[in-house]
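Secondary and tertiary structure notes
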Amino acid sequence: MSLLRRFGVLGKLGVAASLWLTALAGCSTEAGRDDIGGGSGGGPDGENPGGGEAVCASSQPGDPLLRRLTVREFEATLAEAFPEVAGSWTSSLSSDPISHYGYDNAAERLLVSKQKAREIDGTAASLASAVSDAVTQLLPCAASSPDRACAEAFLDKYGKRLFRRPLQATDKGKLLGFFDEALAKTDFAEAIGWLTRALVHSPHTVYRSEIGVLADGERKLTQHEVASALAYTFGGGPPSDALLARADAGELSSPEVLVQVARDLIATPKGRENLHHLFGSWLGYSRVTSLTKTNVPGFDAVRADMREETRRFIELVVFDNGGGLVELLTSPVTTPSQALAQFYGFPAPSADFQSIERPETGGIGILAQGSVLATMASPDGSSPTKRGLLVMENFLCRTPPEVPADVPLLPEPQVGQVTTRQRYEEVHSVGGCKNCHRMFDPIGFGFEHFDEVGRYRADEGGLTIDASGEVPGSFTFSGQRELAELLALEEEMQTCVSARVKAYAFGTEGACLGETQRVAFMNGAIGFVDYIASLAAEPHFVRRKPQ
Amino acid sequence: MKLARASSRARLRLERRLFLKALGLGLSAPVAYQVVRAARAQDVGRPKRFMLFYMPHGAPPEHFNPVGSGTDFTLADSGVSILGPLEPYKSLVNVYQGFMYPGAQTHEGIVKFLSNSRVDNNDDTTERTTIEHFIGNEMGTRTLALGAVAQRQWGQDFDAKLMWDGQAVVPQKSPLVAYDEVFGGIGADPGAGDNDARGELQQSLLALTEAELESLHGELSGLTREQSKLQTHLESLRDLKSGGSHQISCTSAPSLPAVEALRPLASGQPDEWFYAESNFPAILAAQLEVAAASLVCNARPVVAVQPLYANCDIDFGFMGSSGPHHNGLSHTSPQISGGVANMEAREPFAKAQRWFLEMLTEHVIQRLLVEDPADPAHTVLDNTIILLVSEIGEGQWHTSETQEILAGAPPGIMSYMPIVTIGGGGGALKTGQILNYHDVSKPIGEGDREAGELWLTLARAMGSSTMSFGGASQLVTEALT
């Protein structure tokens, strides 16, 4: 969510008769409009804060947490527990709330509301029906001895998968008691269905426990809590039977083992998808598929390719080549489809989504991706404000001030008469707008050689483009390439992004949780995958504060 | 608390208790008597239904405000006349003027204006309940929350949180799912015995889960924040256990043209399809028909429909007003030409907003003009309250209270928060009037009543006996019979 949304009124303006006359002098409607993925809520407030959470001298364990599974995690948990009935049940779960970072896994926001409780019930009922219909396939004993012992076998296998730990005697006792009641009123298949519903409803399924066991003044996570943390953090889903077996055997203790498990999980298709979710949430580029562009014929046909281009770019830079912040920001290649390359005016790749070298004028890195530039634009033109805010909030963790309530209209584009920069400067550099827009518009001006769909333009309707810019308080630059190159060297950016990455991994913005390899990630010694995997070795991964 | 039907003696006891309670709250005797009179107005023995309809981004007042005052007014003579589609039904329409949303600023007010809550403007986590869910809870029924592109694709962010039932409510995005959920069981007869067994097992299941939650809650002693999560879960589970009840009047699932037209297009589609702006008009039409049928059948007597989210930029070219709804249409300034308001300047935005009223009229209001199955002497609309609201007043200036727009052009045009009701509320609402409470002698923000007072009034009209809502305790008595 854009931080521009955290605005109250700067003070009720005297709305006298001249109010409408201030339309030309006040801020434009660009500020605060549309979010740009995550905001910079973690950073300190103030006019020019930045960098997000500061680097700590050492890592510390954070608070114990009960983390409700996200919708994605919940659905994956049910699907992987019962692969035999894939496609036979439907989820009723609705969207998760999004944090001010743009993440859907913020532990403090994930609650079981009345609506969510009903949705869990609906989902459980659908899955139970599928399980009932397939009971003999799931339970060999269902055909020969459909009884309590067979139900216990069901719990031992499927209950363990859902709870992500072996069921304790007390768990089993209550569940089998419920099974007995169901069997008395229905038949075995349906009673197993009711047992399934009870398992799905259980808080031991719904929540990931990161509470640990309190002993000798500290909380140590159990082996099965660690298994769950590994699986969901790095694999985006529940622990496999094999990982649970390792937890049973007490093998998930040494930092080296945990990091290796993390790497193995990240390398899986689901693990990669989980990290794509991080990038998509942080940068917001997935929204490109829902955009419309008033003046660009053919955009609808390529916007899905734009999203895929960025996914492939991240695959190449981050996964295949182990890249970090510098590589993400300054890579000279991209991975368009052939149709998209033609749309951009780029040389054609050998096949769809193969890597090509960007033209000299084609920008560099993630901030030159068409999906990013198109998302951070208006329907009818480029947007220095949105692009500037993206960098300011999501790469520098700077918090813009509150937006006033009465922001007047930005004049419509006048192609061939004024450039976008001139149009923005006319409105944003005067009056009440100036104090806000001077923080981010100068950053966004550096992108002006790219139109509203990310295509390079040498001029704007025949007018010369001025792409000089400034990151206030940090550096000046000319053009997107120089912006990306200098931004990659900024410690403020490195601090900010590293904070964002570990907030996603841990589902919380707690301080000092992931410091051991943080500086190495910041200075480019290790890339995204190595840093994220290293978090498995942090104290927070296996211990928590006592209270 | 639910206001049950009462015998005359029981009614008198109830009124006396209500009177004493009102006095106990510090209300003067005359005001306490008004409370009793309001309560009496609610309990007229007729079925009641409620619908919330959200219209994003306010309205240009020069095209919205009725011409006239009191009971002598027209809705169809204000430029584009955004409320024009309601003109044939204006005997059942109230237009409310002079209300403000306390502390709700700009589009961010979407998270708080319907609960009258006073949380910080950027607070989208503190528990609250919005008026439509409050009414549903008071009526012992589950509010049907429907959406048409009511959030961005990636999840429910700040701009989408219109409805709250403790936590933010995610409207059902698919009319097909909504239809099946509401009407799927009508006419089915699985057998009474089976129903009893399933009902008992469902209760046992939830009791088992409740016990697990309580046990886990106890294990987390000292971890207050995590215990709080479990407490919320427990309350939600108990709500699920209690269920809801109402008498469904339809004996078969209704045939809804917009839903059937959507079915072949939407079946099997991923979530993304339901958030694509190209599908918005068809989804909204279908959701409105589901809403109307829910009301007619009394299948779900409290419904809310949320078309779009705040700050959405869907291009409204599909209805003739090309341009992004927020950045392009709503953010056009009021203008003066030759000393009077330039009515053409904001026609595109006005037409876009009128389109919402046309959709509401075609797919809901006209469908409610049928004999109420539960009350043949009246129509369903007579027994319903449709509440039309927006999160801001003047689209360009993001007002949360009454402000004078175009003050330099006599006569100055007042921008009020767009709040309209359609329907008689089962005889509880006094309709066919403009109710204006704005005090022009007071500064901006001080001359209005809190919208919470109106929400309280509507809750009371729907049969609640609550004495306050969101901190508001004064009734808009002129709106009640």
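The shown structure was predicted, so the numbers you read here are calculated from the model rather than taken from an experiment. Counting restarts for each chain, with residues numbered from 1 along the sequence as it is written. Labels are handed out in written order, letters beginning with A for the chains and numbers beginning with 1 for the ligands. Owing to the predicted nature of the model, reporting of local features is limited to residues with pLDDT of at least 70; listing and counting of side-chain atom pairs is limited to 80 or more, with chain, interface and lining totals taken over all residues. Excluding hydrogens and water, the side-chain figures rest on all heavy atoms present in the structure.

Working definition: a ring pair exists when centres of Phe, Tyr or Trp rings (six-membered ring for Trp) sit within 6.5 Å. Plane angles under 30 degrees give stacked, over 60 give edge-to-face, the rest tilted. According to the stated counting rule, one finds 32 aromatic pairs over all chains in the structure shown. Considering the side-chain rings of Phe 82 of chain A and Tyr 158 of chain A, the 4.8 Å spacing of their centres and the 10° angle between planes classify their relative orientation as stacked. Here Phe 82 of chain A is found in the loop between α1 (71-81) and α2 (114-133), whereas its partner Tyr 158 of chain A is found in helix α5 (residues 148-163), with 76 residues between them in sequence. Across the pair, Tyr 158 of chain A and Phe 82 of chain A agree in class, each one buried. Each ring, one from Phe 280 of chain B and one from Trp 355 of chain B, has its centre 5.7 Å from the other, and the planes form 50°; the classification is tilted. Taken together, the positions of Phe 280 of chain B in helix α10 (residues 280-296) and Trp 355 of chain B in helix α12 (residues 347-363) put the pair 75 residues apart, joining distant regions of the chain. Comment: elements are numbered from the N terminus, with helices defined as DSSP H or I runs of at least four residues and strands as E runs of at least two. The buried label applies to any residue whose accessible area, calculated with a 1.4 Å probe on protein chains only, is under 20% of its type's maximum; exposed applies above 50%, and partly exposed to all values in between.

A word on the nonpolar core. Throughout this description, the term nonpolar core refers to a set of buried Ala, Val, Leu, Ile, Met, Phe, Trp, Tyr and Cys residues connected via side-chain atoms within 4.5 Å. Counting residues in each nonpolar core, the largest one holds 74 residues, and the members touching the most others are Leu 230, Ile 366, Phe 395 and Phe 528 of chain A. When residues in this core are grouped by element, the largest group, 7 residues, is from helix α22 (residues 491-506) of chain A. Only heavy atoms matter for contacts: two residues are in contact if any of them lie within 4.5 Å across the pair. Among residues more than four places away in sequence, those in contact with Phe 395 of chain A are Trp 282, Leu 283, Leu 329, Ile 366, Leu 367, Leu 390, Leu 487, Glu 492, Met 493, Cys 496 and Val 497 of chain A. Residues Leu 86, Val 296, Trp 355 and Val 380 of chain B belong to the second largest nonpolar core, which totals 73 residues.

Moving on: the pairing of strand β9 (residues 302-307) of chain B. All names here are of chain B. Of all 6 residues that make up β9, 6 are buried, and the element is covered over most of its length. Strand pairing is assigned whenever DSSP identifies at least 2 bridges connecting the two strands. Where strand β1 (residues 49-54) lies against β9, 4 bridges are found, and the strand directions are parallel. Counterpart to Phe 53 in the pairing with β9 is Val 305. By the bridge criterion, 5 bridges tie strand β7 (residues 144-148) to β9 in an arrangement that is parallel.

This brings us to the confidence of the model for chain A. Detailed conclusions should not be drawn from predicted coordinates in areas where pLDDT is low. Each residue carries a pLDDT score, the predictor's confidence in it, ranging from 0 to 100. Averaged over every residue, the pLDDT of chain A is 89; residues scoring 70 or more account for 89%. For residues 1-49 of chain A, every residue scores under 50 in pLDDT, and the model assigns this stretch 188 contacts once sequence neighbours within four places are set aside.

Residues and elements named next belong to chain B. Pairs of cysteine sulfur atoms within 2.5 Å are identified as disulfides in what follows. Taken as a whole, this structure holds 4 disulfides over all chains when the rule is applied. Linked covalently through their sulfurs, Cys 250 and Cys 297 form a disulfide whose S-S length is 1.8 Å. Since a negative S-S torsion denotes a left-handed disulfide, the Cys 250-Cys 297 link at about -85° is left-handed. Residue Cys 250 is located in the loop between α7 (224-242) and α8 (257-266), and its partner Cys 297 is located in the loop between α10 and β9; the two are separated by 47 residues in the primary sequence. Here the disulfide map of chain A reads 1-6, 2-3, 4-5, the bonded cysteines being numbered as they appear in the sequence.

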